[in-house]
Amino acid sequence: MKKNNWKYLLVSIICASIVYLLYVTQGNRAEIIEIDNTIVKSNTIDLLEGKNIVIDPGHGGVDNGTTGLTYGTKEKEVNLTVAQNIKQELEKRTAATVILTRDKDIDLGRNQLEALQKRIQIADDASADLFISIHHDAFTDPSVNGITVHYSSHQNKGENLAKILLASIFKQSIDAKNRGVKDSDFYVLKNNSAPAVLLELGFTSNKEDEIRMVSKDFQSKTAISIVDGIIEFFAK
Ligand SMILES: [Zn+2]
């Protein structure tokens, strides 16, 4: 073979290799996009479609709720952040319709009873399939700490929902005390048509709990685990 022919052959081999490599990588990319689309579809189109989920950040406006003993954390503000995180996580992973009883720092009534009635009215108007109220506890003894999920025995499915959500929260690596589920006669639980729970995600009167409840890590883990629990509840 002449010297020029060798050059020609070499260039041809290089060109063919480039074309082949392009074909293979493009092909793989197309496959990946296809797989991604399948995942996106199965996650956002079908899951919890038609379900109306009401997330209720406790207090608001003149009603601050509890106030942090060490850092002055306002319960109404943490409640709203947690509720917004859960809404965002639910909308990212499911097709559920998510309604917040308040999305800013406002009063829902002229007094506490009116505000509670308004929360129930919002759930009824939305034909809620699920109602989750977000709160943070306080107690006179600052050593008391931990997470509690309340339900009302006036309801059928409240206890089951409470157990699923609490177990889901503690599947995450969070250094908090598990205070269990509790049968409580809270207004928003016993007057609710939808399965309802009230989460107390720590004590503002306890220093460690107060630090944890405002941390992005804890807030992110609780939002993820509460949504895990909601999905599990509807799957049963
Ligand atoms: Zn509260």
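Residues numbered from 1 in each chain as written. Predicted model: local features only at pLDDT ≥ 70, side-chain atom pairs only at ≥ 80, totals over all residues. Heavy atoms only, no water.

The name given to the protein chain in an unreviewed UniProt entry is N-acetylmuramoyl-L-alanine amidase, with Lysinibacillus xylanilyticus as the source organism.

Chemist: Help me out: how do you make sense of the pairing of strand 2 (residues 97-100) in this one?
Modeler: Within a regular beta strand, the side chains point alternately toward one face of the sheet and then the other, so they alternate between its two faces. Burial of strand 2 is one-sided: the residues Val98 and Leu100 facing one way are buried, the residues Thr97 and Ile99 facing the other way are not. Relative to strand 2, strand 1 (residues 52-57) is paired through 4 bridges, and the arrangement is parallel. For Val54, the partnering residue across the bridge sits in strand 2 and is Ile99. Handedness of the crossover joining strand 1 and strand 2 through helix 2 (residues 75-93) is recorded here as right-handed. (Buried < 20%, exposed > 50% of the residue type's maximum accessible area, 1.4 Å probe, protein only. Helix = DSSP H or I, 4+ residues; strand = E, 2+ residues; numbered from the N terminus. Pairing = 2+ DSSP bridges. Right-handed = clockwise from strand over helix to strand, strands pointing away.)

Chemist: Can you walk me through the pattern of salt bridges in this structure?
Modeler: Side-chain pairs of opposite charge can arise whenever the charged atoms involved come near each other. Scanning the model with the defined rule gives 12 salt bridges in all. The closest approach of N and O atoms between Asp56 and Arg119, which form a salt bridge, is 2.7 Å. Separated by 63 residues along the polypeptide, Asp56 in strand 1 and Arg119 in helix 3 (residues 112-125) bring together distant segments of the chain. For Glu232, the salt bridge is made with Lys236, and the minimal N-O distance between the two is 3.4 Å. What makes Glu232 partly exposed here is its relative accessible area of 29%. One salt-bridge network, in which partners are shared between bridges, spans Glu89, Lys92, Arg93 and Asp228. (Salt bridge = Lys/Arg side-chain N within 4 Å of Asp/Glu carboxyl O.)

Chemist: Honestly, the sheet that holds strand 1 in this entry has me stumped. Any pointers?
Modeler: Strand pairing within a sheet occurs via backbone hydrogen bonds; the two strands may be parallel or antiparallel. Spatial ordering of the open sheet is given by 2-1-3-6-4-5, a layout of 6 strands whose pairing is mixed. The open sheet is flanked by strand 2 and strand 5 (178-183), the only strands paired with a single partner. If you compare each strand with its neighbour and ignore which way they point, the axes differ by 20° on average. Of the strand pairs in this sheet, strand 3 (residues 130-137) and strand 6 (residues 196-203) are connected by 6 bridges, and their pairing is parallel. Its bridge partner lying in strand 6, Phe131 is registered against Ala196. (Axes fitted to C-alpha atoms, helices over the stretch in contact; angles between N-to-C directions.)

Chemist: Explain the packing of helix 2 against helix 7 (residues 216-235) to me, please; I cannot follow it from the model alone.
Modeler: Each pair of packed helices gets described by two things: the angle between the helix axes and the distance between those axes. As a packed pair, helix 2 and helix 7 sit with axes 9 Å apart at the nearest point and diverge in direction by 50°. It follows that helix 2 is oblique to helix 7 by the angle criterion. Between helix 2 and helix 7 lies a crossing of right-handed hand. Here Val78, Thr81, Asn85, Ile86, Glu89, Leu90 and Arg93 of helix 2 lie close against helix 7, whose contacting residues are Gln219, Ala223, Ile224, Ile226, Val227, Asp228, Ile230 and Ile231. (Parallel < 35°, antiparallel > 145°, perpendicular 65-115°, else oblique. Left-handed = near helix turned anticlockwise from the far one by under 90°. Contact = heavy atoms within 4.5 Å.)

Chemist: When you look at the environment of Lys190 in this model, what are you seeing that I'm missing?
Modeler: Within the secondary structure, Lys190 is located in helix 5 (residues 187-190). The class for Lys190 is partly exposed, based on a relative accessible area of 37%. Along the primary structure Lys190 and Gly158 are separated by 32 residues, whereas in three dimensions their C-alpha atoms are 9.7 Å apart. Every residue in contact with Lys190, bar those within four places of it in the chain, is listed here: Ser152, His154 and Asp185.

Chemist: Can you walk me through the coordination of the zinc ion in this structure?
Modeler: Tetrahedral metal sites with four donors have an ideal angle of 109.5 degrees; octahedral sites with six donors have ideal angles of 90 or 180 degrees. Every protein donor of the zinc ion is listed here as His59 (NE2), Glu75 (OE), Glu75 (OE) and His135 (ND1), and their distances to the metal cover 2.1 to 2.8 Å. What the 4 donor atoms of the zinc ion show is an angle range of 50 to 142° at the metal, which sorts the shape as irregular. The sequence motif formed by the donor residues of the zinc ion is H-x15-E-x59-H. Of the two residues, His59 sits in the loop between strand 1 and helix 2 while His135 sits in strand 3, which places them 76 residues apart along the sequence. Residue classification places His135 among the buried residues on the basis of a relative accessible area of 13%. (Donors = N, O, S within 2.8 Å, 3.2 Å for Na, K, Ca; no water. Tetrahedral: all angles 85-135°; square planar, octahedral: opposite > 155°, others 65-115°.)

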